[in-house]
Amino acid sequence: MVRWITLLTDFGHRDVYVGVMKGVIFSIYPQAQVIDLCHEIPPQDCRTASFQLLQAFPYFPKGTVHLVVVDPGVGTSRRAIALDFGNAYGVGPDNGIFSQVCDRYPPQRVVELTQPHFWRTPNPSATFHGRDIFAPVAAHLSRGVDLMALGEPLDPKVLVQLPDLGYESTPRGVRGSIQASDRFGNLITTLPAELLAKGYHWVEIQGQRIPIAKTKTYGDVPPHHLIALAGSHGFIEIAVNGGSAQRVLGCENGDPVWLMRRS
């Protein structure tokens, strides 16, 4: 029987929102094992949420329910969904937060959550679907309710996809973008790390050329210098040895980045 539920939100720890969601889960399924992935996603930042979920997804036991509540469209006509990935489930709003997981691990079944019987109340708050819809649904899934009982089937092809999460080859080089930054100020690009084996020499962003690490470590450059290297997440990241690339470069999610060879 499914027991594990992960929580990924932009709620932070100042307010009671995360604790309330856990209370709802345990009220429905006291045996659930709840893991806090992260509650410090920048407010309404679906792009970072998508990246963070992708990083955590493969490291949990079979049957884990990944509950993601980063929901700038809460209370609007955006769909509430649950997804079956075969070895795991997802629950949250259909706003692109599952984009990268769906791309890497295509869902086998998807439903729109249209059955109030599995919600906390048939009259959910227009501002807290995490409490009234998503947390209860995650708990029911975790205790063994079949996904198809939760709502109407959806074609995975109609799910919202975030833009600019890929990369493309151009005459100038390989073009990607910044998809997230971490606590250390490292800028994570959409460029797969395996591209580094193809003889590229630097990453260019905002007109600045940044060398690629030769030994694959931050220490390839002196302290406070910029470096590009393969991150543990499998993407090329831009870092500062002992500092913050985000602070130095002032980049934001979605900014373009190039992987280039010497001309």
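Rules used in this analysis
- Residues numbered from 1 in each chain as written.
- Predicted model: local features only at pLDDT ≥ 70, side-chain atom pairs only at ≥ 80, totals over all residues.
- Heavy atoms only, no water.
- Pairing = 2+ DSSP bridges.
- Helix = DSSP H or I, 4+ residues; strand = E, 2+ residues; numbered from the N terminus.
- Axes fitted to C-alpha atoms, helices over the stretch in contact; angles between N-to-C directions.
- Contact = heavy atoms within 4.5 Å.
- Phe/Tyr/Trp six-rings, centres within 6.5 Å; stacked < 30°, edge-to-face > 60°.
- Buried < 20%, exposed > 50% of the residue type's maximum accessible area, 1.4 Å probe, protein only.
- Lys NZ or Arg CZ within 6 Å of the ring centre and 35° of its normal.

Read from one edge of the open sheet, 7 strands run E2-E1-E3-E5-E4-E6-E7, paired in mixed fashion. Pairing within the sheet leaves two strands with one partner each, and these edge strands are strand E2 (33-38) and strand E7 (151-153). Between one strand axis and the next, the sheet turns through 20° on average, direction left out of account. Against the sheet, helix H2 (residues 46-56) engages strand E1 (4-9), E2 and strand E3 (64-69), with an angle of about 155° to E1. In the packing of helix H4 (residues 129-142) onto the sheet, the strands contacted are E1, E3, strand E4 (80-84), strand E5 (88-93) and strand E6 (109-113), and the crossing angle to E3 comes to about 175°.

One pass over the full model with this rule turns up 6 aromatic pairs. Their ring planes at 55° and their centres at 6.3 Å tell us that Phe51 and Phe235 sit as a pair that is tilted. Of the two residues, Phe51 is situated in helix H2 and Phe235 in strand E14 (residues 235-240); the sequence distance between them amounts to 184 residues. Note on Phe51: relative accessible area 3%, which makes it buried. For the ring pair Phe57 and Phe85, a centre distance of 5.2 Å and an interplane angle of 75° mean the geometry is edge-to-face. Of this pair, Phe57 sits in the loop between H2 and E3 while Phe85 sits in the loop between E4 and E5, and the two are 28 residues apart along the sequence. It is Arg172 that lies over the ring of Trp258; its NZ or CZ is 4.4 Å from the centre.

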